Amino acid sequence: MSDKFDVIVIGAGPAGYVAAIRAAQLGLKTACVDAFVGKDGKQALGGTCLNVGCIPSKALLDSSKQFYGLSHNLPAHGISVKDAKVDMAAFIGRKDKIVKQFTGGIAQLFKANKVTPFFGKGKLLKGNQVEITGNDGARQTISATNVILASGSVPIELPFAKFDGKHIVDNAGALDFTEVPKRLGVIGAGVIGLELGSVWNRLGAEVTVIEALPDFLGAADADIAKIALKEFTKQGLAIKLGAKLAKAEAKKNEVHLTYEDKDGAHDLVVDKLLVAVGRRAYTDGLLAEDTGVKLDERGRIVVDEHNHTGVDGVWAIGDAVRGPMLAHKGSEEGVAVAEWIAGKAGHVDFDTIPWVIYTEPEIAWAGKTEKQLKEEGVPYKVGTFPFAAIGRAVAMNEAVGQVKMLAHAETDRILGVHMVGPCVSELIAECVVAMEFKGSSEDLARIVHAHPTLSEAVHEAALSVDKRAIHKGN
Ligand SMILES: Cc1cc2nc3c(=O)[nH]c(=O)nc-3n(C[C@H](O)[C@H](O)[C@H](O)COP(=O)(O)OP(=O)(O)OC[C@H]3O[C@@H](n4cnc5c(N)ncnc54)[C@H](O)[C@@H]3O)c2cc1C
């Protein structure tokens, strides 16, 4: 086999593997290099997302939701269950099986699309050559007209709370506890901290979340964040805002923490500590010194609006570059870059990327928050609708939260939609479509929505923008 390709992708996460498949679909001879080693010691494609991110976290969120529902939802349906137990080996084993199914699926997709996989650490050399160092230290060099860097991200480590893989863990560690920790500390009330904190809280752990920022979920719309905070607190998550971790020390089978807030220093002892304070672009060993590829002040690969690095034939996508660290953002960049390379018109609309947090209730949004519109001086109208007035949500006993729609005061164009409630991860898609088509709240208000469905909350919120919601006072 010739070692000259049209495209080499470094990294097989959702950005890289999607780029590789799309490039191959477009008739380009494509290779994909990845160094991720799965639990069985073998190459596992799919990156953070499939191995230790999106997919395993959703598997555990779903299992723990089922367990929690036995005592917190089923009684309202007149159903009681006694002595429910979690078999931890089966709980984690189910997650591992799903991960294996999906990482193996990527290998099959590579085969079907004729993408050549290489296992090892890839380093970009000058002249679009890639040196691959295998696990055994063996080296080989391949080259291509185009190289796409998709090396992803890794968890940020705090110098005073270093990961030890046992007591102080990152996301991968918190997806693999062998028993439910009695007391779990979580540093960071972001998406990962809240999702994984919820998993263990639902199984009975006492969870304390320590967040340095004074506002809860600052990126979300403030009304939505307020409802979510109230619900999470009701569920038993102790969320400390404006609280900074000062030190964490593992002693015997415990972690002793000190955090500081406006009232002074506080001590806390937990059995496990998850540090989820964010992720950083991962470029360690990725670039030879003379490639000309630049990194910004946060260590991200610098790219233009077409994900080009400025070095002939070198592109970068996903968590390793600017923009939200979301799997679907990286995948769409991957498709766009493959299409640009093939001379087609790639496109990613950053203004309509949906955000989802898979807690209970779920949180989802797209577009601008009310605070952003105020800061930008954009005139807007607001429509809201509570799930408490949605028949389907009440029938499900999940009638918590609301849909909030923001539309331009003069043109009525939808500028942002924010939701907290049941299955809003799915409901947001309708709003993204409307926004992508530059739709107005009137457009959504005039569309027939099936009854009884959760989507009626979107319909009524759109009607409410014009103060004509039917099932609530306006
Ligand atoms: C717990 C958790 C839950 C998450 N949940 C969600 C979610 O629900 N929805 C969502 O959209 N996002 C979620 N994310 C974020 C999502 O996982 C990332 O945005 C996404 O994986 C980024 O994709 P990527 O391809 O850019 O990088 P990655 O997925 O990080 O993949 C990069 C790959 O490149 C490999 N690599 C790096 N350098 C080299 C090199 N030099 N040579 C060879 N290989 C290399 C890495 O080993 C890895 O396999 C979650 C993340 C975590 C941690």
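Bear in mind that the values here come from a model prediction, so they are computed numbers and not experimental data.

*Asks:* For this particular structure, what's the right way to read the domain arrangement of the chain?
*Replies:* Taken domain by domain, the chain comprises domain 1 (4-155 + 280-348), domain 2 (168-277) and domain 3 (352-465). Taking only C-alpha atoms, the centre of domain 2 and the centre of domain 3 are 29 Å apart. On the side of domain 3, 18 residues touch domain 2, which itself brings 16 residues to the contact. Here domain 2 meets domain 3 over a buried area of about 1400 Å², counting both sides, of which 70% is carbon and sulfur. On the domain 2 side of the interface with domain 3, the three residues burying the most area are E195, D221 and I224, jointly 36% of the side's total. One salt bridge in this structure joins K404 and D221, with 2.7 Å as the shortest N-O distance. In terms of residue count, helix α7 (residues 222-234) provides more of the side of domain 2 that touches domain 3 than any other element does, six residues in total. Grouping the constituent residues of the side of domain 2 that touches domain 3 by class yields nine nonpolar, two polar and five charged.

*Asks:* Hey, could you run me through the UniProt feature "active site" (unreviewed entry) in the chain in this one?
*Replies:* According to UniProt, the feature "active site" (unreviewed entry) maps to H451 in the numbering used here. Engagement of the side chain of H451 in a polar contact is seen with the side chain of E456, the distance being 2.7 Å.

*Asks:* Any chance you could explain the layout of surface pockets here in plain terms?
*Replies:* Any space left empty among the atoms is revealed by the rolling of a water-sized probe across them. Approximately 810 Å³ is the volume attributed to the second largest pocket. If you trace the second largest pocket, you find 36 residues lining it, with A219, G367, K368, T369 and Q372 closest to the centre. Those elements that provide at least two residues to the lining of the second largest pocket are α7, β19 (362-367), α9 (370-376) and β22 (414-421). With five residues, α9 is the largest single contributor of residues to the lining of the second largest pocket. Of the residues belonging to the lining of the second largest pocket, the class tally is 20 nonpolar, five polar and 11 charged. Mapped onto the domain boundaries, the lining of the second largest pocket takes at least three residues apiece from domain 2 (168-277) and domain 3 (352-465).

*Asks:* What am I meant to see in unusual backbone geometry here?
*Replies:* Glycine aside, a negative phi is what most residues show, and trans is what most peptide bonds show. Cis geometry is adopted by the peptide bond preceding P361, which originates at E360 and carries an omega value of 0 degrees. Within the secondary structure, P361 is located in the loop between β18 (355-357) and β19. Here the residue pair H451 and P452 is connected by a cis peptide bond, since its omega of -10 degrees sits within 30 degrees of zero. Tracing the backbone shows P452 in the loop between α12 (441-445) and α13 (456-465). The backbone of L217 sits at a positive phi, close to 45 degrees, despite the residue not being glycine. Counting through the fold element by element, L217 comes out in the loop between β10 (206-210) and α7. On the accessibility criterion, L217 (11% relative accessible area) is buried.

*Asks:* Where do I start with the sheet that holds strand β8 (residues 168-169) in this structure?
*Replies:* The pairing of strands in a sheet happens through backbone hydrogen bonds and is either parallel or antiparallel. Here we have five strands laid out as an open sheet, ordered β8-β15-β9-β10-β11, and parallel in their pairing. The open sheet has two free edges, formed respectively by β8 and β11 (238-240), since each of these has just one partner strand. Taken together, the two bridges between β8 and strand β15 (residues 272-275) define a ladder with parallel strand orientation. If you follow I168 over to β15, its bridge partner there is L273.

*Asks:* Is there a simple way to think about the environment of V18 in this case?
*Replies:* Inspection of the secondary structure puts V18 in helix α1 (residues 16-25). Among the residues examined, V18 registers a relative accessible area of 17% and is labelled buried. Those residues within four positions of V18 in sequence are excluded, and the remaining contacts are G13, S331 and V335.

*Asks:* Mind showing me how you'd approach the site of the ligand here?
*Replies:* The local shell around the ligand holds 38 residues, among which D34, T48, K58, G122 and A327 are the closest. One nitrogen or oxygen atom from the side chain of K58 is found 2.7 Å from an oxygen atom belonging to the ligand. Here A327 contributes a backbone N or O atom positioned 2.8 Å from an oxygen atom of the ligand. Its free accessible area being 1000 Å², the ligand has 94% of it covered by the protein chains.

Calculation notes
Residue numbers run consecutively from 1 along every chain, following the written order of its sequence. A pLDDT threshold of at least 70 governs which residues receive local features in this predicted model, and a stricter bar of 80 or more applies before side-chain atom pairs are shown or counted, although totals over entire chains, interfaces and linings include all residues. By convention in this description, side-chain values take in all heavy atoms of the structure and omit both hydrogens and water. Marked domain ranges trace back to an automatic or database domain assignment. Whether two residues are in contact is decided by their heavy atoms, any of which lying within 4.5 Å being enough. When two parts are put together, the accessible area they lose, computed with a 1.4 Å probe and summed over both, is reported as buried area. Whenever Lys or Arg places a side-chain nitrogen within 4 Å of a carboxyl oxygen from Asp or Glu, that contact is recorded as a salt bridge. Comment: elements are numbered from the N terminus, with helices defined as DSSP H or I runs of at least four residues and strands as E runs of at least two. Each residue is assigned to one of three groups, with Ala, Val, Leu, Ile, Met, Phe, Trp, Tyr, Cys and Pro labelled nonpolar, Asp, Glu, Lys and Arg labelled charged, and all others, Gly among them, labelled polar. UniProt positions are given in the numbering used here, feature names are shortened, and annotations may be inferred rather than shown by experiment. Whenever a nitrogen or oxygen atom comes within 3.5 Å of another N or O atom, the pair is scored as a polar contact, on the condition that within protein one atom can donate a hydrogen and the other can accept it, and that pairs from neighbouring residues in sequence are kept only if both atoms are in side chains. Buriedness for pockets is judged along seven lines, at least five of which must meet protein on both sides within 12 Å for an open set on the 1 Å grid over protein atoms alone, while cavities are sets there where a 1.4 Å probe fits but cannot get out, and lining residues have an atom within 4 Å of a point. Grid points are joined across faces, edges and corners, and a volume is the space filled by probe spheres set on the points. When accessible area is computed with a 1.4 Å probe and restricted to protein chains, residues below 20% of their type maximum are described as buried, those above 50% as exposed, and intermediate ones as partly exposed. By definition, two strands form a pair when at least two bridges between them are found by DSSP. One heavy atom within 4 Å of a molecule or strand makes the whole residue count as near it. The method behind every accessible area is Shrake-Rupley, applied with a 1.4 Å probe, and residues are considered shielded solely by the protein chains displayed.

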